[in-house]
Protein chains: 2
Amino acid sequence: MLTERQLLVLQMIIDDFIETAHPVGSRALSKKESIPYSAATIRNEMADLEDMGFLEKTHSSSGRIPSEKGYRYYVDHLIAPLSNQHNMKIIRNVIEDGFYEFEQIVQMSAEVLSELTNYTSIILGPELGETKLKQLQILPLSVHTAVAILVTDTGHVEHRSFTLPDEINSSDLEKMANILNDRLQGVPIIWLEEVFQREIVGLLKRYIRDFDQSYQYLQAIFSHEHPVKLYIGGKSNILMQPEFNDVDKIRSFYTMMENENEIANLLKNTKHGIGVSIGNENEVDAIKDLSLITASYQLGEGQIGTIALLGPTRMEYKKVISLLSSLSNEMSEALYKWYRASE
Amino acid sequence: MLTERQLLVLQMIIDDFIETAHPVGSRALSKKESIPYSAATIRNEMADLEDMGFLEKTHSSSGRIPSEKGYRYYVDHLIAPLSNQHNMKIIRNVIEDGFYEFEQIVQMSAEVLSELTNYTSIILGPELGETKLKQLQILPLSVHTAVAILVTDTGHVEHRSFTLPDEINSSDLEKMANILNDRLQGVPIIWLEEVFQREIVGLLKRYIRDFDQSYQYLQAIFSHEHPVKLYIGGKSNILMQPEFNDVDKIRSFYTMMENENEIANLLKNTKHGIGVSIGNENEVDAIKDLSLITASYQLGEGQIGTIALLGPTRMEYKKVISLLSSLSNEMSEALYKWYRASE
DNA sequence: TGTTAGCACTCTTAAGTTCTGAGTGCTAAT
DNA sequence: ATTAGCACTCAGAACTTAAGAGTGCTAACA
């Protein structure tokens, strides 16, 4: 168990290091007002804290820096989340502006978040989950081309152009579109392909001449993956952090950030509420020396998305955690308001 | 005027430097088979070429590197565009896969282009130009929300959700949507807002009760900017170039790449066909030590987009220029095929 | 017994030094 | 006109040195 004084020393070292990025020495600490002990005493405490694994040295005669275990302890026990009125005001302004639509709000939140923290923000759009098809429209553009437009009950719109088979005529196309629209309304997006295959293909075969020609084109509409949207803000922001003073580190970071799959991986095991992964606690190699803070937000029944901030392990945990948790509340609330009437 | 031998020397130096990124010395050059002169002779030629401004030294006793003027001369007079069958095959595969839609093709082209060259590729989607509205639909999602969907005759789809004024009832909404759709079909996208203001507001005022309430919401639909889509590939690719071995350079590059406006600026003064801007010839400060190669592609009557590659001034101009010009042809052709039937 | 002053020791970082190799410019010979 | 030869220059790597920050330990102190 840690003594009062050890807690104090640990806390002050981490706070100081987070601020300055420089190893903290005993003398510097002893000068602070809140610490009434001499440098020598602090040195002893530091040595003990190092033995316990909370602190590290960068070399044998350097000041101390927090270890990952140290950060973990700090996050779990030493931070009283401060409510940052000022920053929240900025964010609220973005969110509450009703003229923006959802995707813009998210995009802007990502940018503001990154701006306020100087870290890189990642927002994972809400999963489709229970979202249902509201309308499917097939609009011919010309004799050979058409565009299919899918609208969900949450107002999400997807579209997909395709070329038409030569044989089809416009009345057939219309008939087909009507059947599809009738049968698929209210079907959850993620079931579309299955329902199409199971219930509709047979039907269409009966009603439409030469349906086999059209099959592959329709099929392409529904096999369309529905990618979860990823919004990233401030990729270059994080470069301002002193830990990115190394070209190789930058390269590997950016190589990862280019790969949406890998980023999606990062956020895969997100839990409800706030999650903090420090350094090696992360599963993705490329960020084993960074920290990731995640917060989930809700959209209706069970649909969730994730807001995350990626920064050096030397992160302003206090600020970031309070900011994220407020933002996730705001977003859930805004989304709730937006969709409230659809129930 | 340059002598035959000077041309040869200049060309070999530039080719060599483009390949290795190291200053080229006289002895190394004289060893090459295609040069039958001694190092001393070449030194003399080099000194002359430097006097003329085509070459530079990095320090008083270094080998030579091309100056921007040197590159310019090289691009204008010394390269016979080589047709790269192999790379074009790769690109053609991407483009000709009919199941992809336009935006995906462009996105993938950008990525392949960057992959093949190791530079950063930028593709500016076609301007809206003459594109006309094909359909405007207003789909209510709930009592309080609706989504407006605009489809152009080229199959481009834009949508925008908004909240409904409390007063409006669904039959009014439908009436309104019908009037809008009737009146706006065939109107070029860029005129939408104007036509709406001039011809339709008055009409709606007459037919719809409490139209003033709805006005601001509708207005928001049409004042929506129609941003030209920007596709970027391989932002991190360029980091592998040795000229990006400097953290500050990376920072300024990425800061620029985060800003879509600035990128749009880069490509603003693009001319028809192939354009090459070397170093300080670029107007945007952030890329004054990079080169930008642009190629335009056509979509129907006058609508154009731009494909560009951004790399160090030490760029493989031969390869890049031939690749881009082929790609722009392929894209124009693919788009032409795609839309041919709409006329 | 817990705290502190003092001091020798360690290690990083910056600045200065030396050395080598690549490459030039000039001169004189071919 | 071309080339061999040589003195000279400079960047970059390898080493050395000096200063400063910080530690760990011991002994003195309250």
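What you are looking at is a predicted structure, and each value in this text was computed from that prediction instead of being measured.

> How should the overall build of chain A be read in this particular structure?
If you tally the helices and strands in chain A, you get 12 helices and 10 strands. What you see for chain A is a C-alpha radius of gyration of 27 Å, clearly larger than the 20 Å of a compact globule of 343 residues, by over 25%. Along the first, second and third principal axes, the C-alpha atoms of chain A reach 90 × 40 × 30 Å. Every one of the 343 residues in chain A was classed for burial, and the buried ones make up 53%. For chain A, restricting intrachain contacts to residue pairs at least 6 apart in sequence, the fraction spanning at least 24 positions comes to 59%. Just so you have it, chain A exposes about 16100 Å², and 47% of that area is on carbon and sulfur atoms.

> Explain the environment of Glu194(B) here, please?
All names here are of chain B. Mapped onto the fold, Glu194 is located in helix H8 (residues 192-207). For Glu194, a relative accessible area of 39% corresponds to the partly exposed category. Once the C-alpha coordinates of Glu194 and Ser223 are considered, the two residues, 29 residues apart in sequence, prove to be 9.3 Å apart.

> Could you clarify how one ought to interpret the packing of aromatic side chains in this entry?
Centre-to-centre distance and the angle between the planes together describe a pair of aromatic rings. Residue and element names in this part refer to chain B. Under the counting rule described, the total for this entry stands at 17 aromatic pairs over all chains. Between Phe196 and Tyr215 the ring centres are 6.4 Å apart and the planes differ by 10°, which places this aromatic pair in the stacked class. Of this pair, Phe196 sits in helix H8 while Tyr215 sits in helix H9 (residues 211-223), and the two are 19 residues apart along the sequence. Looking at Arg5, its charged tip hangs above the ring of Tyr37, at a distance of 4.5 Å from the centre.

> Please explain the relation of the copies chain B and chain A as it appears in this structure.
Between the two chain copies there is a screw-like relation: a rotation about an axis and a shift along it. Overlaying chain B on chain A yields an RMSD of 0.1 Å, the required transformation being a rotation through 180° with an accompanying axial translation of 0.0 Å. One copy is carried onto the other by what is essentially a two-fold rotation axis. Across chain B, the smallest distance between a C-alpha and the rotation axis is recorded for Val247(B), namely 3.0 Å. Comparing contact sets, 100% of the residues at the interface of chain B also lie at the interface in chain A, consistent with an isologous, same-surface contact.

> Any chance you could explain the sheet that holds strand S6 (residues 157-163) of chain A here in plain terms?
Paired through backbone hydrogen bonds, the strands of a sheet run either parallel or antiparallel to each other. Residues and elements named next belong to chain A. Taken in spatial order, the 3 strands make up an open sheet running S4-S5-S6, and their pairing is antiparallel. The two strands at the open ends of the sheet, each matched to only one other strand, are strand S4 (133-140) and S6. The average angle at which neighbouring strand axes cross in this sheet is 15°, direction not considered. Looking at chain direction, strand S5 (residues 145-152) and S6 are connected through 7 bridges and run antiparallel. Directly across from Ala146, in S6, lies its bridge partner Phe162. Along the sheet, helix H9 (residues 211-223) contacts S4, S5 and S6; its crossing angle with S6, the most-contacted strand, is approximately 155°.

> Teacher, can you tell me more about the protein's contact with DNA strand C here?
Around DNA strand C, the structure places 20 residues, and the nearest of them are Arg5(A), Thr41(A), Ser60(A), Ser61(A) and Ser26(B). The separation between a phosphate oxygen of DNA strand C and a polar side-chain atom of Thr41(A) is 2.5 Å. One of the side-chain nitrogen or oxygen atoms of Arg43(A) is found 3.1 Å away from a base oxygen of DNA strand C. Elements with a minimum of two residues in the surface near DNA strand C: helix H3 (39-51) of chain A together with helix H3 (39-51) of chain B. Looking at the surface near DNA strand C, the element that brings in the most residues is H3(A), giving 4 residues. Among the residues forming the surface near DNA strand C, the class breakdown is 4 nonpolar, 11 polar and 5 charged.

> Help me out: how do you make sense of the protein's contact with DNA strand D in this one?
Not every one of the 20 residues close to DNA strand D is listed here, only the nearest: Ser26(A), Arg5(B), Thr41(B), Ser60(B) and Ser61(B). Expressed as a percentage, the sugar and phosphate content of the atoms of DNA strand D within 4 Å of the protein is 74%. Backbone polar atom of Ser38(B) to a phosphate oxygen of DNA strand D: 3.1 Å apart, as the coordinates give it. Between a phosphate oxygen of DNA strand D and a side-chain N or O atom of Thr41(B), the distance comes to 2.5 Å. Secondary structure elements with two or more residues in the surface near DNA strand D: H3 of chain A together with H3 of chain B. For the surface near DNA strand D, the element with the highest residue contribution is H3(B), accounting for 4 residues. Classifying every residue of the surface near DNA strand D gives 4 nonpolar, 11 polar and 5 charged.

> Before we go on, may I ask you to explain the interface of chain B and chain A in this structure?
Each partner contributes to the interface: chain B provides 48 residues, whereas chain A provides 48 residues. Between chain B and chain A the total buried area reaches about 4300 Å² when both faces are included, carbon and sulfur atoms providing 58% of it. Joining chain B to chain A, the criterion identifies 0 salt bridges. Looking at the side of chain B that touches chain A, the elements that each hand over two or more residues are strand S4 (133-140), strand S5 (145-152), strand S6 (157-163), H9 and helix H10 (247-257) of chain B. It is S6(B) that contributes the most residues to the side of chain B that touches chain A, 6 residues altogether. For the side of chain B that touches chain A, the residue count by class is 20 nonpolar, 19 polar and 9 charged.

> I'm lost on unusual backbone geometry in this one. Help?
Comment: phi is negative for the bulk of residues other than glycine, and the bulk of peptide bonds are trans. Phi is positive for Asn118(A), close to 65°, though the residue is something other than glycine. Accessibility expressed as a relative area gives 34% for Asn118(A), which makes it partly exposed. Its identity is not glycine, yet Ala21(B) carries a phi of approximately 70°, on the positive side. Assignment of secondary structure puts Ala21(B) in the loop between helix H1 (4-20) and helix H2 (26-31).

> Just checking my understanding: could you explain the side chain of Ser30(A) for this structure?
Along the chain, the position of Ser30(A) falls in helix H2 (residues 26-31). Not counting chain neighbours up to four residues away, the residues in contact with Ser30(A) comprise Ile35(A), Tyr37(A), Ser38(A), Ala39(A) and Ile42(A).

> Hey, could you run me through the packing of H1(B) against H3(B) in this one?
When two helices pack together, their arrangement is given by the angle between the helix axes and by the axis-to-axis distance. All names here are of chain B. Packing of H1 against H3 brings their axes to within 10 Å, and their N-to-C directions diverge by 85°. Between H1 and H3, the crossing angle belongs to the class labelled roughly perpendicular. Contacts from Arg5, Gln6, Val9, Leu10 and Ile13 in H1 reach Thr41, Ile42, Glu45, Met46, Asp48 and Leu49 in H3.

> I keep staring at the environment of Met257(B) and nothing clicks. Help me out?
Residues and elements named next belong to chain B. Note that Met257 resides in helix H10. Sequence-wise, Met257 and Glu111 are 146 residues apart; in three dimensions their C-alpha atoms are separated by 16 Å. With residues near it in sequence (within four places) discarded, Met257 still touches Thr120, Ile122, Ile232, Lys235, Ile263 and Leu310.

> When you look at the domain arrangement of chain A in this model, what are you seeing that I'm missing?
Put simply, an interface is often sized by how much accessible area is lost when its parts join up. Split into domains, chain A comes out as domain 1 (4-78), domain 2 (85-127 + 229-342) and domain 3 (133-223). Placing the centre of domain 1 of chain A and that of domain 3 of chain A at their C-alpha centroids yields a distance of 64 Å.

> It is not clear to me how the sheet that holds S4(B) should be interpreted in this structure. Could you clarify?
Residue and element names in this part refer to chain B. Pairing in this open sheet of 3 strands is antiparallel, and the strands run S4-S5-S6 from one edge to the other. For this open sheet the edge positions go to S4 and S6, each flanked by a neighbour on one side alone. Strand-to-strand twist of the sheet, defined as the mean angle between neighbouring strand axes without regard to direction, takes the value 15°.

Cut-offs applied
Residues numbered from 1 in each chain as written. Chains lettered and ligands numbered in written order. Predicted model: local features only at pLDDT ≥ 70, side-chain atom pairs only at ≥ 80, totals over all residues. Heavy atoms only, no water. Helix = DSSP H or I, 4+ residues; strand = E, 2+ residues; numbered from the N terminus. Rg over C-alpha atoms; globule rule 2.2 N^0.38 Å. Buried < 20%, exposed > 50% of the residue type's maximum accessible area, 1.4 Å probe, protein only. Contact = heavy atoms within 4.5 Å. Areas by Shrake-Rupley, 256 points an atom, 1.4 Å probe, with all protein chains shown as cover. Phe/Tyr/Trp six-rings, centres within 6.5 Å; stacked < 30°, edge-to-face > 60°. Lys NZ or Arg CZ within 6 Å of the ring centre and 35° of its normal. Least-squares fit on C-alpha atoms with pLDDT ≥ 70 in both. Pairing = 2+ DSSP bridges. Axes fitted to C-alpha atoms, helices over the stretch in contact; angles between N-to-C directions. Near = heavy atom within 4 Å. Polar contact = N/O pair within 3.5 Å; in protein donor to acceptor, adjacent residues only side chain to side chain. Nonpolar A, V, L, I, M, F, W, Y, C, P; charged D, E, K, R; others polar. Buried area = accessible area lost by both parts, 1.4 Å probe. Salt bridge = Lys/Arg side-chain N within 4 Å of Asp/Glu carboxyl O. Parallel < 35°, antiparallel > 145°, perpendicular 65-115°, else oblique. Domains from an automatic or database assignment.

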